[in-house]
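If you want the building blocks of each chain, they are given just below.
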Amino acid sequence: MRLVAYLRVSTTGQLDAYGPDAQLAAITAWADACGHQIVDCKLDDISGTVAAADRPALMEALDMIRQPPQADGIVVANLTRLARELHVQEAILATVWAEGKQVFAADQGEILANDPDDPMRTALRQ
């Protein structure tokens, strides 16, 4: 599967602890282990107070899964790198799923789409 990696650093304090290099290392190790190809990497730097719609790299990653798709999905190191606020995270997930694409987190694998027959899937994610 061809995936675009999305990296996000919220604050300057994260640059050392969980900066882009650490996130990319986690994503690359996961992708290699699972047989996925990273086709591009997008980074929003110091984005903690920036709305999702104002994060250029996130918008570029989403554009890569739209028609004609350049990637089959998006991968992040963990869901907090997609967005820390739950409602923002859920909106981004819904956008990807509406395109018929997939979202992966290196620390847990595929983030499965909501299933009306399995409401616990959404509850556990949230």
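Our structure is the block above this text.
About the thresholds
Residues numbered from 1 in each chain as written. Predicted model: local features only at pLDDT ≥ 70, side-chain atom pairs only at ≥ 80, totals over all residues. Heavy atoms only, no water. Helix = DSSP H or I, 4+ residues; strand = E, 2+ residues; numbered from the N terminus. Buried < 20%, exposed > 50% of the residue type's maximum accessible area, 1.4 Å probe, protein only. Contact = heavy atoms within 4.5 Å. Areas by Shrake-Rupley, 256 points an atom, 1.4 Å probe, with all protein chains shown as cover. Phe/Tyr/Trp six-rings, centres within 6.5 Å; stacked < 30°, edge-to-face > 60°. Core = buried A, V, L, I, M, F, W, Y, C linked by side-chain atoms within 4.5 Å. Lys, Arg positive; Asp, Glu negative; His and termini not counted. Salt bridge = Lys/Arg side-chain N within 4 Å of Asp/Glu carboxyl O. Polar contact = N/O pair within 3.5 Å; in protein donor to acceptor, adjacent residues only side chain to side chain.

**Student:** I'd like a rundown of the overall build of the protein chain, residues and numbers included.
**Tutor:** Helices and strands together make up the secondary structure of the protein chain, namely six helices and five strands. Ordered by position from N to C terminus, the α and β elements of the protein chain give β-α-α-β-α-β-α-α-β-β-α. Sorting the 126 residues of the protein chain into buried and exposed places 43% on the buried side. Counted over contacts in the protein chain with a minimum sequence separation of 6, partners at least 24 positions apart contribute 67%. Split by element, the accessible area of the protein chain, about 6,400 Å² in all, is 53% carbon and sulfur.

**Student:** An account of the packing of aromatic side chains is requested, with residue identities and associated values reported.
**Tutor:** According to the stated counting rule, one finds one aromatic pair in the structure shown. Each ring, one from W30 and one from F104, has its centre 5.3 Å from the other, and the planes form 40°; the classification is tilted. In this pair, W30 sits in helix α2 (residues 20-34) while F104 sits in strand β4 (residues 102-105), placing the two residues 74 residues apart along the sequence. Neither residue differs from the other here; W30 and F104 are each classed as buried.

**Student:** With reference to specific residues and values, describe the nonpolar core.
**Tutor:** It is characteristic of soluble globular proteins that their nonpolar side chains tend to be buried jointly. By size, the foremost hydrophobic cluster in this structure holds 23 residues, and its most contacted members are Y6, L58, I74, L82, I92, V103 and I111. For this core, the secondary-structure elements that each account for two or more residues are β1 (2-9), α3 (56-65), β3 (73-76), α4 (79-82), α5 (86-98) and β4. Beyond its immediate sequence surroundings of up to four residues, I92 is in contact with A52, L58, L82 and A83. Counting 10 residues, the second-largest nonpolar core is a separate cluster that includes L3, L7, V75 and F104.

**Student:** So what's going on with the side chain of D44? Which residues, and what values?
**Tutor:** One can find D44 in strand β2 (residues 37-45). Buried and unpaired, D44 has R55 as its nearest opposite-charge partner, separated by 4.9 Å. Within the structure, D44 has its side chain in polar contact with the backbone nitrogen of A57 (distance 3.0 Å). Dropping the residues within four chain positions of it, D44 is found in contact with Y6, L7, R8, V9, R55, P56, A57 and L58.

**Student:** Can you break down the environment of G73 residue by residue, with the values?
**Tutor:** Inspection of the secondary structure assignment puts G73 in strand β3. Residue classification places G73 among the buried positions, given a relative accessible area of 0%. Along the chain, G73 and V103 lie 30 residues apart, while their C-alpha atoms are 5.6 Å from each other. Ignoring anything within four residues of it in the chain, the contact list for G73 reads R2, L3, V4, I65, K101 and Q102.

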